[in-house]
Amino acid sequence: MAPLDPIAVLKFGGTSVALPECWDRIAEISQAHIRAGRRPVLVCSAVSGVSNALEALIEASLEEQHPPLLEALETLHEPLVARVGNDARVALKEAMQALEKLSTGIALTGECPPRLRARIMAQGELLSTRLGALLLAEAGISCVWMDARQLLDSQQGAGDQHYLSATCRYDPEPGLQRQIQDAAAQLVVTQGFIARDEKGDTVLLGRGGSDTSAAYLAARLEAERCEVWTDVPGMFTANPRLLPSARILRQLDYSEAQEIASTGAKVLHPRCLLPVRDRRIPMHIRCTTRPDLEGTVITARPDRHGATVKAISDRSGIVLVSMETVGMWQQVGFLANAFDVFKTLDLSIDLVSTSETNVTVSLDPSANVLHSEVLSALVKKLEPLCQPQIIENCASVSLVGRGIRAILHQLAPAFELFEEHRIHLVSQAASDLNLTVVVDQSQSERLVRQLHALLFKDGSSAAILGPSWSELFEPDIEIERATVPTPWWSTARTDLLEAASGQTPVYVYDAATLDRQAAALQSLQSVDAALYAMKANSNPDVLRRLRAGGLGFECVSTGELHRLLEVFGLEIFETGPVLFTP
């Protein structure tokens, strides 16, 4: 019996399979693995936008308004079909006929049970991979299409919900490995997101489940490596869309990557790491549009960098449930009784913070259905036990790394930032991998920016940090020297040195700069009034200059009001505006 080729499982997301050019890159990536002696197994998502369109199709079918949605789904696949031709049109026609029958059935019955919903949602992956296999064949790669429902079996689930959020066994399967080896092709194309249950019915792995599909298959096939190809080249020290200065993390261990994904990073689904961790299979995160970048490698390699913060992540839409009662102190079973209420309503608790008289927990919207009806029912069921309070519009901000407890003293400057923010909950992970605070959602973005600037300003842990997002993706822009304004202090150098020769410190303000800034504020179209904060600088000449520029004033003390009276007299209240916020 011939020895098995090393297998590489490659997952490609929706944006990575949406256009013919995307499949050209997939072909190049696959050929590189083939040249290296590996057998690629491609796990592909539905074309970008298709899963959302299928969900919309289900809702439209319930209202008997589905025909336009079917046309939209056909349009989303047209770029791929146009490249291949007749065979692709046949595949598209068969898929659309199947969807038309299913949606007509929904329209006739007026309902879409989970079993039927799963069958409809699976069509996106089934169609994208059929078209993809044709595109790869056109590129000269011999490939075989396999149905993921013949490769992955879901575990027994409770009720109909297992159709929409199944888990699969991932123990090694030598027979499956031999099946891949004996396939008369250079690579295998299959689907993410779908599997089958013990009855042979189609089940889904939940939104974002293609990552998990790839991990399951990698474990079952005892793959040499598992690669997740997406639109970002790896995990970063923060959300790079928010902070272009965020730097790529070259290496992580499974636990760190799990923590970063669980606390808000969207690049990986948190469930995908357990199968590869159990089988010690390296996971690589790569960028489909930039295959030249190394990306992030996740392994079981012991951490060699000591205790350090490696990332700052955040999640919005968090709902807190505060349970207040003096009666819980030293009361046996309070937590069990309270948590049983959450279980009854199928609510998964994320963070927990306790004191003698209060327990506060967080609910993550990505793991729970948090409609007002559900929260009202929760409050009603908790009232016999405590005084419940729902706090909405919150966000969690997490410092993720290894040995957080050992470096708390080094994080003292970071804790000072929290002085300006209302803290609802603090949680330090028992695993010592994260420290999380929950703040008002409106403050989370600002807090992430401040923490990142503070904790990553000196290039610490440079061995694991790669280039920033802006260095990787923002094009170099040549700025003409003539377009850069000369700073005022450069032309006033002689005067400044003379002013400083008598005594120091000396504070100097440029009148032209004050005028320019006042004019810029006055030009804003979306505000009623521009006010200067007196606490910034109450120098009389500065105040006169800004008032001449049309600005009003904001005061936070009676002393500041008295200063305005000294400089302008009572007329300032007539010509204002003046805002007093004691």
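Here the structure is a predicted model, which means the values were calculated and not measured.

### Let's talk about the nonpolar core
Consideration 1: By size, the foremost hydrophobic cluster in this structure holds 122 residues, and its most contacted members are M235 and L268.
Consideration 2: With eight residues, helix α4 (residues 86-109) is the single largest residue contributor to this core.
Consideration 3: In contact with M235, not counting residues within four places along its chain, are R247, I248, L249, L252, A257, I260, A261, V267, L268, I285 and T296.
Consideration 4: Counting residues in each nonpolar core, the second largest holds 16 residues, with A338, F342, V361 and L378 among its members.

### What about the confidence of the model for the chain?
Consideration 1: Chain-level statistics for the chain give a pLDDT mean of 87 and a share of 93% at 70 or above.
Consideration 2: Counting interchain partners and residues more than four positions distant, the pLDDT-below-50 stretch residues 476-483 has one contact.

### Quick look at the environment of V439
Consideration 1: Take V439: it is sitting in strand β17 (residues 434-440).
Consideration 2: For the pair V439 and A395, spaced 44 residues apart in sequence, the C-alpha separation works out to 5.5 Å.

### Thoughts on unusual backbone geometry
If a residue is not glycine, its phi is most likely negative; likewise, a peptide bond is most likely trans.
Consideration 1: The phi angle at F193 is positive, at roughly 80°, despite the residue not being glycine.
Consideration 2: Turning to its location among the elements, F193 is positioned in the loop between β4 (187-191) and β5 (194-196).
Consideration 3: Since its relative accessible area comes to 5%, F193 is described here as buried.
Consideration 4: Although it is not a glycine, R280 sits at a positive phi angle of roughly 55°.
Consideration 5: The residue R280 is located in the loop between α10 (273-278) and β10 (283-287) in this model.

### A look at the sheet that holds strand β1 (residues 7-12)
The pairing of strands in a sheet comes from backbone hydrogen bonds and takes either a parallel or an antiparallel form.
Consideration 1: Pairing in this open sheet of eight strands is mixed, and the strands run β3-β4-β2-β1-β7-β10-β11-β9 from one edge to the other. Two strands lie at the open edges of the sheet, namely β3 (143-145) and β9 (251-253), each paired on one side alone. Averaged over all neighbouring strand pairs, the angle between strand axes comes to 20°, with direction disregarded.
Consideration 2: In this sheet, β10 lies alongside strand β7 (residues 225-230) in parallel orientation, the contact comprising five bridges. Note that in β10 the partner of T230 across the bridge is C287.
Consideration 3: The strands that helix α8 (residues 209-220) touches are β1, β2 (39-44), β4 and β7; relative to β1, the one it contacts most, it runs at about 175°.

Definitions and limits used
- Residues numbered from 1 in each chain as written.
- Predicted model: local features only at pLDDT ≥ 70, side-chain atom pairs only at ≥ 80, totals over all residues.
- Heavy atoms only, no water.
- Core = buried A, V, L, I, M, F, W, Y, C linked by side-chain atoms within 4.5 Å.
- Buried < 20%, exposed > 50% of the residue type's maximum accessible area, 1.4 Å probe, protein only.
- Helix = DSSP H or I, 4+ residues; strand = E, 2+ residues; numbered from the N terminus.
- Contact = heavy atoms within 4.5 Å.
- pLDDT = per-residue confidence, 0-100.
- Pairing = 2+ DSSP bridges.
- Axes fitted to C-alpha atoms, helices over the stretch in contact; angles between N-to-C directions.

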